[in-house]
Amino acid sequence: NAREMGFEVPRIIENEIFAQRVDSLGQLVWQPEGVGIRTKIDSTTVAGFNIVTSDSNEFIVFWFEDRKHPFPQTGPFDFFAQKIDLAGTLLWSPNGNLITVQGSLWNILFRLAPDNFGGFFLARNGNINQDPIVEHVSADGELSWSPGGVQVFKGGGFEIVSDGAGGVIMAAVS
């Protein structure tokens, strides 16, 4: 194997997610390779991901992938999330919690905002018309609102931010 011979092998399929903490002096805090948020799972691909602060000592990494529908099938995709603390300890299931949303994820535009209580809001394209909806994920990594979330607008791109009071504000092109 090329790695054993000292050659770096490029990752052709993005299949792993790592996190690293850098302190105020520019020093790496965790092990040099970082902390494995999502380790390699054969025949799957990790796609878009994001990270938000869930509170002053924890962070949530969020991504979508085809774990339940592996290659050569191409979707629909599933959302996953992993919470990590300042020490680099993973707080949810290995390889992340499955965040089951209603409907098929083909257009996987999403945005995240912290809820200031250890969870987060997920804004995503919802129905066949791609109308933006908001869902809430609790501090335990579970959806806490009714299935399908709350439709906020009709069609178009969107962004969200925390309202600082446990809710969220969405702006969208309609």
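See the structure above.
What you see is a predicted model; the values in this text were computed from it and never measured.

### Focus: the pattern of salt bridges
Moving on, step 1. By the definition in use, this model includes 4 salt bridges.
Moving on, step 2. E135 is the salt-bridge partner of R124, the closest N and O atoms lying 2.8 Å from each other. A residue pair is termed long-range when its members are at least 10 positions apart, and R124 in strand β8 (residues 120-125) and E135 in strand β9 (residues 132-137) qualify at 11 residues. Here R124 and E135 have matching classes, each one buried.

### Points about the sheet that holds strand β6 (residues 97-99)
The pairing of strands in a sheet happens through backbone hydrogen bonds and is either parallel or antiparallel.
Moving on, step 1. Pairing is antiparallel in the open sheet, where 4 strands are placed in the order β3-β4-β5-β6. Looking at which strands have only one partner, the edges of the open sheet turn out to be β3 (46-55) and β6. On average, each strand axis in the sheet is inclined to that of its neighbour by 30 degrees, with strand direction left out of account.

What counts and what doesn't
Residues numbered from 1 in each chain as written. Predicted model: local features only at pLDDT ≥ 70, side-chain atom pairs only at ≥ 80, totals over all residues. Heavy atoms only, no water. Salt bridge = Lys/Arg side-chain N within 4 Å of Asp/Glu carboxyl O. Helix = DSSP H or I, 4+ residues; strand = E, 2+ residues; numbered from the N terminus. Buried < 20%, exposed > 50% of the residue type's maximum accessible area, 1.4 Å probe, protein only. Pairing = 2+ DSSP bridges. Axes fitted to C-alpha atoms, helices over the stretch in contact; angles between N-to-C directions.

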